[in-house]
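# Secondary and tertiary structure notes
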Amino acid sequence: MSGKLLFSICKLKYFVFPKRCPFCDAVIGNDDFACSDCKSDLPEKGYVTYTSSGVRCVSPFLYDGVYAKAVRLLKFHNRKYYTDTLAHFIAKEVKRQYGNIQFDIITSVPRYKGENRKSQNCSKRLAIAVARILNIRYEETLIKDKQNQKQHNLPKTMRKTNVQGVYKLKDEALVKGKKVLICDDIITTGFTLGECCIVLKSAKPTLLFSCSLCTAQKFRKA
Ligand SMILES: [Zn+2]
């Protein structure tokens with residue numbers, strides 16, 4: 001396909017499906033990631049929190065207001081077209097916080113095969129987009145082979161045991177000796193990411209960090 005034709009198709013796609021601000025759904029320019037109003041309200045810095053297993057996690061947004069709404073629309077209301085725009089903010093924060101690290105792979109928190117399809121793969125879609133933006137390979141390293149209860153439906157005291165033993169390594173070789181970044185959509189108590197990190201660590205990566213779009217842990221700021 002000629003470059004000119006490809007350019008015309010891209011332009012047509014933009015005309016039919018214009019890019020939209022993930023925080024208010026206003027139409028935005030093809031090179032923008034938010035409208036000018038929302039852009040002026042974006043937090044200057046992201047947030048650093050920790051998973052339950054002590055792995056550092058960076059997130060561009062708090063799980064609050066328009067950012068919580070954006071992640072809910074992405075996750076439960078089929079606004080898949082927000083994925084690349086929102087992944088841009090994760091990638092920016094990863095660069096800011098882990099800029100000197102050359103990760104070998106980006107991976108994601110897996111979903112159970114039979115889980116609600118609407119909410120399926122949100123972390124995976126974000127992780128793939130972040131990997132593409134940062135030019136890092138995406139690998140599926142974990143499998144969730146047991147169905148457990150939704151973490152957000154459970155009291156805090158039960159969230160730790162609810163995720164224990166539900167994740168398994170897909171293939172140790174994908175992780176062993178690698179610098180690994182794991183991506184999720186939201187970090188709340190940190191037990192889900194924490195459990196995934198415990199499993200990943202068993203395969204002996206040389207480095208393991210995590211990132212998410214939003215954090216519900218308000219008490220730490222980068
Ligand atoms: Zn906006």
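Our subject in this report is the structure included herewith. Everything numeric in this text was worked out from a predicted model, so none of it was measured. (Residues numbered from 1 in each chain as written. Predicted model: local features only at pLDDT ≥ 70, side-chain atom pairs only at ≥ 80, totals over all residues. Heavy atoms only, no water.)

This part covers the overall build of the chain. Helix and strand counts for the chain come out as seven helices and nine strands. For the chain, the proportion of its 222 residues judged to be buried stands at 48%. Within the chain, counting contacts between residues at least 6 apart in sequence, those at least 24 apart form 74% of the total. Accessible surface for the chain amounts to roughly 11900 Å². Of this, 53% is attributable to carbon and sulfur atoms. (Helix = DSSP H or I, 4+ residues; strand = E, 2+ residues; numbered from the N terminus. Buried < 20%, exposed > 50% of the residue type's maximum accessible area, 1.4 Å probe, protein only. Contact = heavy atoms within 4.5 Å. Areas by Shrake-Rupley, 256 points an atom, 1.4 Å probe, with all protein chains shown as cover.)

Quick look at unusual backbone geometry now. If you check the backbone angles, Asp25 has positive phi at about 70° while not being a glycine. Structurally, Asp25 is set in the loop between α1 (3-16) and α2 (36-41).

Turning to the packing of aromatic side chains, a few remarks are in order. Enumeration over the complete set of coordinates arrives at eight aromatic pairs. Their ring planes at 5° and their centres at 4.3 Å tell us that Phe61 and Tyr67 sit as a pair that is stacked. Here Tyr98 and Phe209 contribute two aromatic rings whose centre-to-centre distance is 4.7 Å and whose plane-to-plane angle is 20°, an arrangement assigned as stacked. Of the two residues, Tyr98 sits in helix α4 (residues 83-98) while Phe209 sits in strand β9 (residues 207-215), which places them 111 residues apart along the sequence. Neither residue differs from the other here; Tyr98 and Phe209 are each classed as buried. Members of the aromatic cluster, joined through ring pairs, are Phe23, Phe61, Tyr67 and Phe89. Directly above the aromatic system of Phe33 lies the positively charged group of Lys19, at a separation of 4.6 Å from the ring centroid. (Phe/Tyr/Trp six-rings, centres within 6.5 Å; stacked < 30°, edge-to-face > 60°. Lys NZ or Arg CZ within 6 Å of the ring centre and 35° of its normal.)

Within the secondary structure, Thr51 sits in the loop between β1 (47-50) and β2 (56-59). Taking the C-alpha atoms as reference, Thr51 lies 8.9 Å from Thr188; in sequence the two are 137 residues apart. Residues contacting Thr51, with those up to four places away along its chain left out, are Ile187, Gly190, Leu193, Gly194, Cys197 and Ser210.

Within β9, eight of the nine residues are buried, which leaves the element mostly enclosed by the surrounding structure. Relative to β9, β2 runs parallel, the two sharing two bridges. Bridge pairing in β9 links Val58 to Cys211. Two strands pair when backbone bridges link them, and strand β3 (residues 61-62) and β9 are joined in this way by two bridges, in the parallel orientation. When the bridges of β9 are listed, Phe61 appears paired with Cys214. Taken together, the eight bridges between strand β8 (residues 179-187) and β9 define a ladder with parallel strand orientation. Paired with Val180 across the two strands is Leu208, which belongs to β9. You can see the chain leave β8, run along helix α7 (residues 191-201) and come back into β9, and the turn it takes is right-handed. (Pairing = 2+ DSSP bridges. Right-handed = clockwise from strand over helix to strand, strands pointing away.)

Keep in mind these values describe shape, not function.
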